[in-house]
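# Residue-level structure breakdown
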Amino acid sequence: LEGLDAVRSRLEELAYLAQEECMSFMPGGGQAPDTMAASQPLDQQALERGVRIRSVYQDSFRNDAATLRYAQWLTSLGGETRSSPTLPMPLIIIDRSVALVPLDPNDPRRGALQVSSEGVVAGLCALFEQVWESAIPFGEVRVDEHGLSPMEQALLRLLLEGRADEGAARRLGISLRSVRRTMSSLMERLEA
């Protein structure tokens, strides 16, 4: 599916065909307003038909008021939302039989590949379930035994891997300023 319009058109068709479940990864910070506007009626109709919708957003979405409102709205209708510090790529799986993955994970607006191979879709479902289990339910706050949030843990892992502040900011979907502010807080709290 080449281009955003082709992807949206196919997503609309798949949303009408969905019978049981829709699972998705939403990486990056806030979602584009046009993406949320296109998704809202489809999500509402699917939920009204009894389709289970599970979405994992990247933690940085909490910094975007519009995306936060959308997640609250989706949750209020019965959708399930969680967040994770990082996500591998945009992903949508319908009824565990069809998946859409980006042609270019760095630029999802270029288009998507529709996958229906049982083995590939099963692998993508397993990836989704693994991320879902470790993601934090919307509205819940978790910290580890050191008082670190999942985002703080992810930031430390990225820096340990040798990523510069700029690379960590891109991977986490947050500003460079936020990375530096978080690192300053961590250094103070951890007495490093």
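This text gives an overview of the structure that appears in the document. (Residues numbered from 1 in each chain as written. Predicted model: local features only at pLDDT ≥ 70, side-chain atom pairs only at ≥ 80, totals over all residues. Heavy atoms only, no water.)

## Re the overall build of the protein chain
Within the protein chain, the secondary structure is distributed over seven helices and seven strands. Going from N to C terminus, the protein chain has its helices and strands arranged as α-β-α-β-α-β-β-β-β-α-β-α-α-α. Taken against the 2.2 N^0.38 rule, which gives 16 Å for 192 residues, the C-alpha radius of gyration of the protein chain at 17 Å falls within 12% of a compact globule. Each principal axis of the C-alpha distribution contributes one length, and for the protein chain these read about 55 × 35 × 30 Å. In the protein chain, buried positions account for 41% of the 192 residues. Taking contacts inside the protein chain between residues at least 6 apart in sequence as the whole, the part at least 24 apart equals 71%. Roughly 10,300 Å² of accessible area belongs to the protein chain as shown, and the carbon and sulfur atoms make up 51% of that amount. Between the mean site of the 20 positive side-chain charges and the mean site of the 27 negative ones, the protein chain shows a separation of 3 Å. (Helix = DSSP H or I, 4+ residues; strand = E, 2+ residues; numbered from the N terminus. Rg over C-alpha atoms; globule rule 2.2 N^0.38 Å. Buried < 20%, exposed > 50% of the residue type's maximum accessible area, 1.4 Å probe, protein only. Contact = heavy atoms within 4.5 Å. Areas by Shrake-Rupley, 256 points an atom, 1.4 Å probe, with all protein chains shown as cover. Lys, Arg positive; Asp, Glu negative; His and termini not counted. Charge placed at Lys NZ, Arg CZ, Asp CG, Glu CD.)

## Considering helix α2 (residues 33–48)
For α2, which comprises 16 residues, the first-to-last C-alpha distance of 23 Å matches the rise-based estimate of 22 Å (1.5 Å per residue) to within 8%. A bend of about 30° at Ser-39 is the largest found in α2, and the proline Pro-41 appears one to four places after it. Taken together, the buried positions of α2 are Met-36, Leu-42, Asp-43, Ala-46 and Leu-47. Along its buried surface, α2 packs onto α1 (4–17), β2 (52–58) and α3 (65–76). Gly-50 lies just past α2 and shows a positive phi near 95°. (Expected span 1.5 Å × (residues − 1). Bend = angle between axes of the 7 residues up to and from the residue.)

## Some details on the packing of α2 against α3
For the pair α2 and α3, interaxial distance at closest approach is 11 Å and the crossing angle is 10°. Regarding the angle of α2 to α3, the classification is roughly parallel. Together, Met-36, Ser-39, Gln-40, Asp-43, Gln-44 and Leu-47 of α2 and Ala-66, Thr-67, Tyr-70, Trp-73 and Leu-74 of α3 make up the contact between the two elements. The residue makeup of the contact of α2 with α3, split by class, is six nonpolar, four polar and one charged. (Axes fitted to C-alpha atoms, helices over the stretch in contact; angles between N-to-C directions. Parallel < 35°, antiparallel > 145°, perpendicular 65-115°, else oblique. Nonpolar A, V, L, I, M, F, W, Y, C, P; charged D, E, K, R; others polar.)

## Regarding the packing of aromatic side chains
Under the criterion given, the structure shown has three aromatic pairs. Considering the side-chain rings of Tyr-70 and Trp-73, the 5.3 Å spacing of their centres and the 45° angle between planes classify their relative orientation as tilted. Separated by three residues within a single helix, Tyr-70 and Trp-73 lie in helix α3, roughly one turn from each other. Judged by its relative accessible area of 9%, Tyr-70 falls in the buried class. (Phe/Tyr/Trp six-rings, centres within 6.5 Å; stacked < 30°, edge-to-face > 60°.)

## Some words on the sheet that holds β2
By way of backbone hydrogen bonds, the strands of a sheet pair with one another, either parallel or antiparallel. One open sheet holds the seven strands; their spatial order is β6-β5-β4-β1-β2-β3-β7, and the pairing between them is mixed. The outermost strands of the open sheet, each flanked by one partner alone, are β6 (112–115) and β7 (136–137). Here strand β1 (residues 21–26) pairs with strand β4 (residues 91–94) via four bridges, running antiparallel. When the sheet's bridge partners are listed, Ser-24 is paired in β4 with Ile-92. (Pairing = 2+ DSSP bridges.)

## Things to note about the nonpolar core
The biggest cluster of nonpolar side chains holds 21 residues, and the ones touching the most others in it are Ile-53, Tyr-57 and Ile-94. For this core, the secondary-structure elements that each account for two or more residues are α1, β1, α2, β2, α3, β4 and β5 (98–102). Per element, the largest residue contribution to this core is four residues, and it comes from α3. Core analysis: the next-biggest nonpolar cluster, separate from the first, contains 17 residues, Val-56, Met-89, Ala-99 and Leu-124 among them. (Core = buried A, V, L, I, M, F, W, Y, C linked by side-chain atoms within 4.5 Å.)

## A few points about the side chain of Glu-21
Here Glu-21 lies in strand β1. On the basis of relative accessibility, which here comes to 8%, the residue Glu-21 falls in the buried class. One polar contact links Glu-21 to Arg-54, side chain to side chain, over a distance of 2.9 Å. In terms of polar contacts, Glu-21 uses its side chain to reach the side chain of Arg-96, at 3.1 Å. (Polar contact = N/O pair within 3.5 Å; in protein donor to acceptor, adjacent residues only side chain to side chain.)

These values are about where atoms sit, not about what they do.
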